[in-house]
Structure formats: C-alpha cells, structure tokens
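What follows is each chain in one-letter form.
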Amino acid sequence: MSINIKDIAAKDRNTVLHPFTQLKDFATGKLGEPTIVETGKGIRIQDAHGNQLIDGFAGLYCVNVGYGRTEVAEAISRQAYRLAYYHSYAAHTTDELAILSDRLVKMAPGKMSKVFYGMSGSDANETQAKLVWYYNNLRGKPTKKKIISRERGYHGCSVVSGSMTGMSFYHDHMDLPLPQIDHTGVPHHYWGANPGETEREFSARRAAELDEMIETLGPDNVGAFIAEPVLGTGGITPPPEGYWEAIQVVLKKHDVLLIADEVITGFGRTGSMFGSQHYGIEPDLITVAKGLTSAYFPLSASIVGEKVYKVMEEGADKVGAFSHGYTYSGHPIGAAAANAVIDIVEKENLPGNAREVGAYFQAQLKEKFAQLPIVGEVRGVGLMGAIEFVGDRENKTRFDPSLKVGARVSKAARDRGLIARAMPHGDILGFAPPLVITKEEVDEIVSIAEKAVRSVMDELV
Ligand code: PLP
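These notes cover the structure that comes with them. Since this is a predicted model, take the numbers as computed values, not measurements.

1. Observations concerning the nonpolar core
In terms of nonpolar packing, the biggest core is built from 65 residues, with Leu104, Leu292, Phe389 and Phe431 touching the most fellow members. Not counting the four nearest positions on each side in its chain, Phe389 is found in contact with Ile374, Val375, Gly376, Phe399, Val405, Val409, Asp427, Leu429 and Val453. Val132, Met164, Ile181 and Val308 belong to the second largest nonpolar core, which has 20 residues in total.

2. Here we look at the packing of aromatic side chains
In this description, a pair of aromatic rings is defined by centroid distance and the angle of the planes. Under the counting rule described, the total for this entry stands at 14 aromatic pairs. Here the aromatic rings of Tyr85 and Tyr86 are separated by 6.4 Å at their centres, their planes lie at 40°, and the arrangement is tilted. Looking at Tyr85, the relative accessible area reads 30%, which means it is partly exposed. Residue classification places Tyr86 among the partly exposed positions, given a relative accessible area of 39%. Relative to Trp191, the ring of Tyr190 lies with its centre 4.9 Å away and its plane at 90°, an arrangement referred to as edge-to-face.

3. Digging into the site of the ligand
The local shell around the ligand consists of Ser120, Gly121, Ser122, Asn125, Tyr154, His155, Gly156, Glu228, Asp261, Val263, Ile264 and Lys290. The separation between an oxygen atom of the ligand and a polar main-chain atom of Gly121 is 2.9 Å. Taking Ser122, its side chain carries an N or O atom lying 2.6 Å from an oxygen atom of the ligand. Computed on the free molecule, the ligand has an accessible area of 390 Å², of which 84% lies beneath the protein chains in the complex. The element that contributes the greatest number of residues to the shell around the ligand is helix α6 (residues 121-138), accounting for three residues.

4. Quick notes on the sheet that holds strand β9 (residues 285-288)
The sheet built from seven strands is open, its strands ordered β4-β10-β9-β8-β7-β5-β6 with mixed pairing. The open sheet has two edge strands with one neighbour each: β4 (112-118) and β6 (181-184). Here the strands of the sheet are splayed against their neighbours by 20° on average, with no regard to which way each runs. As paired strands, strand β8 (residues 257-261) and β9 are joined by three bridges and run parallel to one another. Its bridge partner lying in β9, Ile259 is registered against Leu285. Here α6 sits on the sheet and contacts β4, β5 (146-150), β7 (222-227), β8, β9 and β10 (300-305); the angle it forms with β10, its principal contact strand, is near 25°.

5. A closer look at the packing of helix α5 (residues 95-107) against helix α14 (residues 332-347)
As a packed pair, α5 and α14 sit with axes 8 Å apart at the nearest point and diverge in direction by 45°. For the element pair α5 / α14, the angle class is oblique. The way α5 lies across α14 gives a crossing that is left-handed. Taking contact as the criterion, the partners of Glu96, Leu97, Ile99, Leu100, Arg103, Leu104 and Met107 in α5 are, on α14, Pro332, Ala335, Ala336, Ala338, Asn339, Ile342, Asp343 and Glu346. Residues of the contact of α5 with α14, tallied by class, amount to 10 nonpolar, one polar and four charged.

6. Structural notes on the layout of surface pockets
The rolling of a water-molecule-sized probe over the atoms marks out the regions of remaining empty space. Taken as a whole, the second largest pocket holds about 760 Å³ of empty space. Contributing to the lining of the second largest pocket are 29 residues, with Ser88, Lys114, Val115, Phe116 and Phe322 lying nearest its centre. Listing elements by their share of the lining of the second largest pocket, those giving two or more residues are α5, β4, α6 and α12 (306-314). In terms of residue count, the dominant contributor to the lining of the second largest pocket is β4 (five residues). Counted by class, the lining of the second largest pocket contains 17 nonpolar, 10 polar and two charged residues.

7. Considering the side chain of Asn64
As for its placement among the helices and strands, Asn64 is situated in the loop between α3 (58-61) and α4 (70-82). Polar contacts involving the side chain of Asn64 include one to the side chain of Arg269, which spans 2.9 Å. Excluding residues that lie within four positions of it along the chain, Asn64 makes contacts with Gly266, Phe267, Arg269, Gly291, Ser294, Leu350, Pro434, Leu435 and Val436.

8. Some details on α4
The first and last C-alpha atoms of α4 sit 18 Å apart over 13 residues, in line with the 18 Å expected at 1.5 Å per residue. Taken together, the buried positions of α4 are occupied by Val72, Ala75, Ile76 and Gln79. Along the axis of α4, the buried residues cluster in a sector spanning 95°; they form a single face. In α4, the exposed residues that point more than 90 degrees away from the buried face are Arg78 and Tyr81. Elements that come into contact with the buried residues of α4 comprise α5 and α14.

9. Comments concerning unusual backbone geometry
Of note, the bond from Leu176 into Pro177 is cis; its omega dihedral lies within 30 degrees of zero at 0°. Position of Pro177 among the secondary structure elements: in the loop between α7 (159-164) and β6. One non-glycine residue with positive phi stands out, namely Ala58, at about 45°. Looking at the element boundaries, Ala58 is found in helix α3. On the accessibility criterion, Ala58 (0% relative accessible area) is buried. In this structure, Ile236 takes a positive phi of about 50° despite not being glycine.

10. A word on the pairing of strand β1 (residues 37-41)
By the bridge criterion, four bridges tie β1 to strand β2 (residues 44-47) in an arrangement that is antiparallel. If you follow Lys41 over to β2, its bridge partner there is Arg44. What sits between β1 and β2 in their antiparallel hairpin is a turn of two residues, with Gly42 showing a positive phi close to 65°.

11. Section: the pattern of salt bridges
What the rule picks out here adds up to 26 salt bridges. A salt bridge links Glu245 to Arg200; the shortest N-O distance between them is 3.9 Å. With a gap of 45 residues between them, Glu245 in helix α10 (residues 243-253) and Arg200 in helix α9 (residues 199-217) connect regions that are remote in the sequence. Accessibility expressed as a relative area gives 53% for Glu245, which makes it exposed. For Arg200, a relative accessible area of 44% corresponds to the partly exposed category. Salt bridges linked by common partners bring Glu197, Arg205, Arg206 and Glu209 together as one network.

So, how was this worked out
Residues numbered from 1 in each chain as written. Predicted model: local features only at pLDDT ≥ 70, side-chain atom pairs only at ≥ 80, totals over all residues. Heavy atoms only, no water. Core = buried A, V, L, I, M, F, W, Y, C linked by side-chain atoms within 4.5 Å. Buried < 20%, exposed > 50% of the residue type's maximum accessible area, 1.4 Å probe, protein only. Contact = heavy atoms within 4.5 Å. Phe/Tyr/Trp six-rings, centres within 6.5 Å; stacked < 30°, edge-to-face > 60°. Near = heavy atom within 4 Å. Polar contact = N/O pair within 3.5 Å; in protein donor to acceptor, adjacent residues only side chain to side chain. Areas by Shrake-Rupley, 256 points an atom, 1.4 Å probe, with all protein chains shown as cover. Helix = DSSP H or I, 4+ residues; strand = E, 2+ residues; numbered from the N terminus. Pairing = 2+ DSSP bridges. Axes fitted to C-alpha atoms, helices over the stretch in contact; angles between N-to-C directions. Parallel < 35°, antiparallel > 145°, perpendicular 65-115°, else oblique. Left-handed = near helix turned anticlockwise from the far one by under 90°. Nonpolar A, V, L, I, M, F, W, Y, C, P; charged D, E, K, R; others polar. 1 Å grid on protein atoms, 1.4 Å probe; cavity = no way out; pocket = protein on both sides within 12 Å on 5 of 7 lines; lining within 4 Å. Points joined across faces, edges and corners; volume = space filled by probe spheres on them. Expected span 1.5 Å × (residues − 1). Arc of directions from axis to C-beta. Salt bridge = Lys/Arg side-chain N within 4 Å of Asp/Glu carboxyl O.

In structure tokens form, the structure reads like this:
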C-alpha cells in the first residue's frame, strides 16, 4: 500500500493523543515527524520511508513470536469470517475461548482454576484488585483490602493499576495513587544494598520491611501483594537471590494473597514458561497480557487460583451473579489469536530459545559493556536485559539527569537502526527482543548498541 506520508503525518499530529509523548514538543514539530510504521517481519519493522529497524524491544516487550506470523493472521481471519464476536456473559462461550482457558489453567503455575479476560494488562490488574476485595468481603474479612506493590513496580496506567505502579511520574497531576495502595521497597541490590550486604541479606531486609509494613497497617487490613517476577519498566531488574523465598514466607504468615504480574514474563521471556516458575513463586492470582497473543490482538487475562475461586463460588448463593465483565471479555478473535500464538510458543519452544539464546545475549552484554567507564551495572535474565549508566562507577552516582544519557544512547542506537528503550527511571538502556531471535541477530543488536554507547561515551568523557 502506498501512502501519502506528509498527509498521514499531518493528520496524526493534528488528531492523535500519543501516550508518553511531550505534547507541546510533538505539536510544534520539535520532536520531528511521527514514525509511520508500515510492516514487520521477524525481529524487524519497516517505516513508511522504507527504513528498516531491528526491534530490540519487541514493541513494548510483547511481540514475542516476531512480526509477520501468517499462522496467527490466518487464525484471526478464520475466526473473523466464522464469528467476529459474541460475548461471554451469562454462560455463553466459543470453542476458541474454552480451549484457551483450559490451556491457561493447565500451563499456569500454582493451583489455578478459572480465567477472566480483559483487553490490557492494566484492566487485568484492575480486575485482580476487585477480586481481592470481593474474596475478602465474601469470606467475612471486609477490612482486608489494602494492596501492597513495590516502588518502581509497573502494573499499568488505569486508576487502580496506575496506583499500583510505583513510579511517581505515573501519579503526578493525575490524583494517584489511591489510598488503598501502598508501596514497599524496590528489590534492586545495586542501588539498595548497604555496603557489604549480600544479595541474600538484602532480600531478607526487604522481606523484613514488608513484614513491618503489614504489621503497621494491620494484617487484617492487608489483602494482597502484587509484583512482577522480574521488575520490568522500573529498570529490567531480576530479583536478588533469596528474594521470592523470603517474601512468600511473610505473605503466608499474614494471609496476604500474592498476585504475580506476568504481563512481561509470561510465555517464555525469562527462559521458563512463566517467571513464577523461574523463581519458585506460587501465586494466588496471575495477570497475563502482551505475550498471550504476542500483541496480535489486545487480550489479557486474570487467572484465578483455586483458593480465591472456591470462596467466590461458595458465596454465589448469597451475592448472586459475579457482577464484573467487559463487552470484549473473552473476545473470540483474541482467543483464536492466543491459541495460535501459544501453539507457536510450544512448538518452537520459545522459553527454551529464551534460555539458550538469552544466556548468549546476557554474556555478550556483560562482555561488551560491563567494563566501560560509564556503565554501573549490566543485568538481565533470559531475553530481557539492561545496561545502567552511571556518572561515577566507584561512588555509584548517577549522571546529572539533564544530560539525558539514557535517552541519548537510545537515540544513537536508533540512528544506527536499532530500537532499544531508554527506561524511564535512571539512565538505563533496555532490551527485550522477540523470543524468536537467533544468536546472529543478537550479535547485530550488541554490535549496534556498542557503537551507540561508545559514541555517547566519547561525548561525555
Ligand atoms: N503489568 C506489567 C508488568 C507491564 O509491563 C504492563 C505494561 O507494560 C502492564 C501491566 C500494563 O499493561 P497494558 O499496557 O497492556 O495496560
């Protein structure tokens, strides 16, 4: 399809309210023209000028099976021709939806029972909060409502999920967070540990802080803890050793539900099918989105564990129907897309690829970047990784934010044909390529990233 680039750019500038975009800079043209993305294949996208870019971030950590998978497009098209829509209210279903739910309950970690569907990670976490409140109301614990998340956790942008998100710039000027949500410390050893403190000691301290927070709020007032198995948008930070073990002891002690937000880590990214399996987490509720359909269709799921579901079923005679649902809950095209994507994830063993190619990727990142004078830490797991830049390695001090080091490195990579994301908290270059990536493609990414980092380093030192 040939398009009039100028016309599309003008229409976009005049009418699209872009997320996470400086509105005035965009409106006045300071940010330049919008990038009109036209096609994609494998790990690459192409813009309307014909420029190819390696997508080292799989969109927003979501196009796990890569671009241009005709199997998924065909599954979507088949379902759209056969039945474009029917709702799942009042016990209606479709074959794709029932098959998908059966698969998810069987493959998910922990003792899962039922699946509720939404359209985004944010709304799925919103549902999780309502499930926690519903569960505790039904079992006669009406005060057990607080939800604890973590500083630098990311759980979405809607009212409850945005409150769960632990980064102030997602709250500022938007009247968040809600009072039902509290935040505990970030499990990042590099920045958070005391001098000489081991990872295990640091994890134990974070768990003790959580314990103290629950005691202070009152265990009868705390309903759930929500966390990503690996901190994502807050900096792509794998948990320190012993973290999940210690945290789960505290949650069990206080009868606090554990919501695993697997929106990024679900379906293979860490090298295990779910991040919970990778770190020995036994969640009561699981949130998935992104990788569920590899973003070929907007679909999310709140997977409900047996413990919570039983209380919901037992309470039904008293409260009537479960009064929560969206027009698009369990959309049949989304379910068909998810089934086709999970077929690929399983047949091509993408968790295995994330483990094997991911180990190579992590080793390359360490080898090429860890010793550079502006690099404080190189970290990651499977096919998610990050390079954090610091002004002073010895004293662990950040660059002056006005230098915008992370954004400059990301731009330098982009100018050389690689998308790697400047993470919002600190000077961090993040990677989360499609899980179908090969070692040769990893070499391409690392080589471009190295040129980009060195070019900015030359400007700085
Ligand atoms: N949870 C996590 C861990 C995420 O990374 C994201 C998005 O990046 C969300 C929730 C929110 O998902 P969505 O953007 O689909 O609302």
